[in-house]
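# What the coordinates show
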Number of protein chains: 2
Amino acid sequence: MEKITIVKVGGAVVEDEAQLTQLLKDFAAIEGKKVLVHGGGRRATKVAAALGIESKMVNGRRITDADMLEVVTMVYGGLVNKNLVARLQAAGVNALGLTGADIDVIRSHKRPIKDGIDFGFVGDVEKANGQILHTLINAGITPVMAPLTHDGQGHILNTNADTIAGETAKALAPYYDVTLIYCFEKKGVLSNPDDDNSVISEITREDFERYKADGTVAGGMIPKLDNAFDAIDTGVKRVIITLATAIDGQHGTVIR
Amino acid sequence: MEKITIVKVGGAVVEDEAQLTQLLKDFAAIEGKKVLVHGGGRRATKVAAALGIESKMVNGRRITDADMLEVVTMVYGGLVNKNLVARLQAAGVNALGLTGADIDVIRSHKRPIKDGIDFGFVGDVEKANGQILHTLINAGITPVMAPLTHDGQGHILNTNADTIAGETAKALAPYYDVTLIYCFEKKGVLSNPDDDNSVISEITREDFERYKADGTVAGGMIPKLDNAFDAIDTGVKRVIITLATAIDGQHGTVIR
């Protein structure tokens, strides 16, 4: 099976010019077929603040009211996505910016209120359309995916970029040998949180359960690894958690 | 040759809920292949104002400084484009939002300073890629085009939506029997500006020259008709100037 690399990069990287320049260079250098999935939360928070809209977060997740939905649609779908596309084009990558609404790539439904928390216009993914992505990718196109989906009823919904990356990887698994790279602010999953060089090179599911039990893995890394194992279970070949400056597939923590 | 209809609709329509609902319904009802090109200037002006950015216009054209470029990239490429795409998807149209940067569809260069006027980050179109559009359209996809282009050096540029529509029509002329519909706030070109029902049903180039000479056609209609005749000269079959509520090809002024 032909290889494909899906790189998910967060807002902190795409909003820092030096890091972004490096990332685009490294991404352009990845051989073969590829997909870029981006965040943009910090920029959305800034634009919202400039518009006098308060950013409300619960457990690190954004509450997306109607005003905030407009902001993320502007920032993720417009500002961040189109600048990435233009810069990748300049780097020789035939990029195509996509939200989930475009050619119905990712359909979602509005998250129901749970435990009293209403996340607002947030979409939980129902399905990603691997076939149409496969057709585009095989035509030499590199999708650049914004963290927005749609409900099929005419509404854009805000969706976590890690989830977009995971769902895209799973949807492409029937067509390609998929490597999913999650860029992270550390070199990988650390065996000692105080030692940035204590990268665990490979994690099995048993390791993960043990690390969770003994507290080595905690906080935001748990849902990230849950996503990773979920992707592996659905046919993704390998998931890598690594620095945005080390996306060559040779660094970070590998989940198989 | 297979028929295709390209509809250009301005900001006033896409920003008015009642008009937009009608337009989307009418656009979805157009049989066969189609493309939607949209503006969004009024919304950009509003968002800019909310961000404390002043909109500067010269001869009805926006001066696009760095801050305003961010605003139009957000509003045209994100807010307006993605909502149109989501709503067309709900109406059964397999819409794909595009700026000129996406799959390098429309390349432009920054407009040079002329007569002392620096329009800023405004792109004059070099070429529209009819072949890639043809490939997408033949795959059942309906492009929804924002008035943004790119210079191939990594920069988004602001480009007039009428121009995007005209260049797209010309680029598709080798592949299709193209009808280009410019939505307008009047029923068409009027023989008496004071009588909204005095629609001229068809204009030849000789008519146009005569109307210009006698003042029947004036102001913003002149560049619109210049664009229309330019499109006809490049192989577009017919250009129609009509109300946004009358895009069925049976109304308005026809230029052949």
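Everything numeric in this text was worked out from a predicted model, so none of it was measured. Counting starts from 1 at the beginning of each chain's written sequence and moves along it residue by residue. Chain labels run from A onward and ligand labels from 1 onward, assigned in the order the entries are written. Under the rules for a predicted model, residues below a pLDDT of 70 receive no local features and side-chain atom pairs below 80 are neither given nor counted, while totals for whole chains, interfaces and linings still include all residues. Only hydrogens and water are removed before side-chain values are computed, so all heavy atoms of the structure are retained for them.

Attention shifts here to the pairing of strand E8 (residues 142–145) of chain A. Residues and elements named next belong to chain A. Buried, partly exposed and exposed residues are distinguished by accessible area as a fraction of the type maximum, computed with a 1.4 Å probe on protein chains only: under 20%, between the cut-offs, and over 50%, respectively. A run of DSSP states H or I qualifies as a helix once it reaches four residues; a run of E qualifies as a strand once it reaches two. Both are numbered from the N-terminal end. By the alternation rule, side chains of E8 split into Thr142 and Val144 and Pro143 and Met145, which are all buried. Each pair of strands is called paired provided DSSP finds at least two bridges between the two strands. Where strand E2 (residues 33–38) lies against E8, 2 bridges are found, and the strand directions are parallel. Residue pairing in the sheet places Val37 in a bridge with Met145 of E8. Where strand E5 (residues 95–98) lies against E8, 4 bridges are found, and the strand directions are parallel. Within E8, the residue paired with Leu98 across the bridge is Met145.

Moving on, we come to the interface of chain A and chain B. Reports of interface size often rely on the accessible area that becomes lost once the parts have come together. Contact between two residues is taken to exist if any of their heavy atoms lie within 4.5 Å; hydrogens are not considered. Contacts between the two partners involve 36 residues from chain A and, on the opposite side, 37 residues from chain B. Values labelled buried area give the accessible surface lost by two parts on being combined, using a 1.4 Å probe and summing over both. Contact between chain A and chain B buries roughly 2700 Å² in total, counting both sides, with carbon and sulfur atoms accounting for 68%. Put simply, a salt bridge is a Lys or Arg side-chain nitrogen that is within 4 Å of an Asp or Glu carboxyl oxygen. The interface formed by chain A and chain B contains 4 salt bridges. With a shortest N-O distance of 2.6 Å, Glu70 of chain B and Arg43 of chain A are connected by a salt bridge. Under the rule applied, a polar contact is a pair of N or O atoms within 3.5 Å (in protein, one hydrogen donor and one hydrogen acceptor; residues adjacent in sequence only if both atoms are side-chain atoms). The interface formed by chain A and chain B holds 10 residue pairs in polar contact (both at pLDDT 80 or more) in total. Of all the secondary structure elements, the ones that give two or more residues to the side of chain A that touches chain B are helix H3 (41–50), helix H4 (66–90) and E5 of chain A. A per-element tally of the side of chain A that touches chain B places H4 of chain A first, with 14 residues. Three categories are distinguished: nonpolar for Ala, Val, Leu, Ile, Met, Phe, Trp, Tyr, Cys and Pro, charged for Asp, Glu, Lys and Arg, and polar for the others, with Gly belonging to the last. Residue classes in the side of chain A that touches chain B are distributed as 17 nonpolar, 13 polar and 6 charged.

Per the counting criterion, the structure on display carries 36 salt bridges over all chains. Linking Lys3 of chain B and Asp177 of chain B is a salt bridge whose minimum nitrogen-to-oxygen distance equals 3.9 Å. With a gap of 174 residues between them, Lys3 of chain B in strand E1 (residues 3–9) and Asp177 of chain B in strand E11 (residues 177–184) connect regions that are remote in the sequence. The class for Lys3 of chain B is exposed, based on a relative accessible area of 54%. The exposure class of Asp177 of chain B is buried, given its relative accessible area of 11%. The shortest N-O distance in the salt bridge between Arg107 of chain B and Asp104 of chain B comes to 2.8 Å. On the basis of relative accessibility, which here comes to 14%, the residue Asp104 of chain B falls in the buried class. Ionic contacts of the salt-bridge type, sharing partners, join the residues Lys3, Asp177 and Arg238 of chain A into one network.

Function cannot be read off these values alone, since they describe shape.
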